[in-house]
Amino acid sequence: MRYPILFGFEPEPPLIDSNYAGNIADALVVVYKTMKVNQSVTGRFYYYTGEPTSETEKIKVIAEKQNKPLVILPLWLLQTVKDVWHYVRWDPDVYTQVDLIRMALIEQTFDQTLFLETFQFNPKYSMNSTLQLLYGN
């Protein structure tokens with residue numbers, strides 16, 4: 001029992017592409033097989049970063065599966081902590097936990113259409129189903 005209480009935020013923070021490592025491994029195999037038979041797909045940059053998911057949605061699934069209390073805090077509180085922490089830190093050039101908070105407040109999603117269409121890839125696991133498997137009783 002690492003954390004007795006879990007925290008989420010409302011309104012939900014911006015979406016972040018989330019993925020299960022097994023999907024990434026499957027994607028690499030599909031890319032390899034496709035490149036062996038169709039060289040025209042090489043030489044381009046493709047994004048496969050997973051599905052846009054809010055951290056609050058993920059923590060809700062985990063809290064439910066682990067029967068832990070979930071406290072939903074206002075998002076402005078997280079933004080205030082980030083602002084104060086950024087202001088008082090001693091060395092702004094050092095990467096710290098405040099940078100992790102700042103990253104959680106910025107949408108981090110990518111257009112994966114080119115990858116999904118080029119390689120005809122469909123992930124085996126959704127983020128929701130993966131969390132249920134990982135944190136299920």
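A short tour of the structure in this document, coming up. These numbers come from a predicted model, not from an experiment.

### Some details on the pattern of salt bridges
Moving on, step 1. Applying the stated criterion across every chain, the model contains five salt bridges.
Moving on, step 2. We note a salt bridge from glutamate 10 to lysine 60, for which the minimum N-O separation is 3.3 Å. A residue pair is termed long-range when its members are at least 10 positions apart, and glutamate 10 in strand E1 (residues 6–10) and lysine 60 in helix H2 (residues 55–66) qualify at 50 residues.
Moving on, step 3. Taken together, the shared-partner salt bridges in this structure form one network comprising Glu10, Glu57 and Lys60.

### Observations regarding helix H1 (residues 21–37)
Moving on, step 1. With 17 residues, H1 should cover 24 Å at 1.5 Å per step; its first-to-last C-alpha distance of 25 Å lies within 8% of that length.
Moving on, step 2. Within the span of H1, buried status applies to Asn23, Ala27, Val31 and Thr34. Taken end-on, H1 shows its buried residues confined to a sector of 75°, consistent with a single buried face. Within H1, the exposed residues directed more than 90 degrees away from the buried face are Ala21, Leu28, Tyr32, Lys33 and Lys36.

### Observations regarding the nonpolar core
Moving on, step 1. By size, the foremost hydrophobic cluster in this structure holds eight residues: Ala27, Val31, Val41, Tyr46, Tyr48, Phe115, Phe119 and Phe121.
Moving on, step 2. Elements with a minimum of two residues in this core: H1 and helix H5 (113–119).
Moving on, step 3. Contacts of valine 31, omitting those with residues within four sequence positions, involve Phe115 and Phe119.
Moving on, step 4. Among the nonpolar cores identified, the runner-up in size contains seven residues, and Val61, Ile62, Ala63 and Leu131 belong to it.

### Some words on the side chain of threonine 53
Moving on, step 1. Secondary-structure assignment places threonine 53 in strand E3 (residues 51–53).
Moving on, step 2. Here threonine 53 falls in the buried class, since its relative accessible area comes to 11%.
Moving on, step 3. Here glutamate 51 takes part through its backbone oxygen, which lies 3.0 Å from a polar atom of the side chain of threonine 53.
Moving on, step 4. Beyond its immediate stretch of four places on either side in the chain, threonine 53 contacts Leu15, Ile16, Ser18, Lys58 and Met127.

### Overview of the packing of aromatic side chains
Moving on, step 1. Inspection of every chain in the model, using the stated rule, returns nine aromatic pairs.
Moving on, step 2. With centroids separated by 4.9 Å and ring planes inclined at 70°, the aromatic side chains of tyrosine 46 and phenylalanine 119 adopt a geometry described as edge-to-face. Pair noted here: tyrosine 46 is in the loop between H1 and E3 and phenylalanine 119 is in helix H5, with a separation of 73 residues, a long-range link.
Moving on, step 3. Between tyrosine 47 and phenylalanine 110, the aromatic rings sit 4.5 Å apart at their centres with planes inclined by 15°, giving stacked as the arrangement. Of this pair, tyrosine 47 sits in the loop between H1 and E3 while phenylalanine 110 is found in the loop between helix H4 (97–104) and H5, placing the two residues 63 residues apart along the sequence.
Moving on, step 4. Taking relative accessible area as the criterion, tyrosine 47 reaches 34% and is therefore assigned partly exposed.
Moving on, step 5. Aromatic rings pair up to connect Tyr46, Tyr48, Phe115, Phe119 and Phe121 into one cluster.

### Digging into the side chain of glutamine 112
Moving on, step 1. With respect to the helices and strands, glutamine 112 occurs in the loop between H4 and H5.
Moving on, step 2. Note on glutamine 112: relative accessible area 9%, which makes it buried.
Moving on, step 3. Non-local contacts of glutamine 112, meaning those with residues more than four positions away in its chain, are made with Asp17, Tyr47, Tyr48, Thr49 and Gly50.

What counts and what doesn't
Residues numbered from 1 in each chain as written. Predicted model: local features only at pLDDT ≥ 70, side-chain atom pairs only at ≥ 80, totals over all residues. Heavy atoms only, no water. Salt bridge = Lys/Arg side-chain N within 4 Å of Asp/Glu carboxyl O. Helix = DSSP H or I, 4+ residues; strand = E, 2+ residues; numbered from the N terminus. Expected span 1.5 Å × (residues − 1). Buried < 20%, exposed > 50% of the residue type's maximum accessible area, 1.4 Å probe, protein only. Arc of directions from axis to C-beta. Core = buried A, V, L, I, M, F, W, Y, C linked by side-chain atoms within 4.5 Å. Contact = heavy atoms within 4.5 Å. Polar contact = N/O pair within 3.5 Å; in protein donor to acceptor, adjacent residues only side chain to side chain. Phe/Tyr/Trp six-rings, centres within 6.5 Å; stacked < 30°, edge-to-face > 60°.

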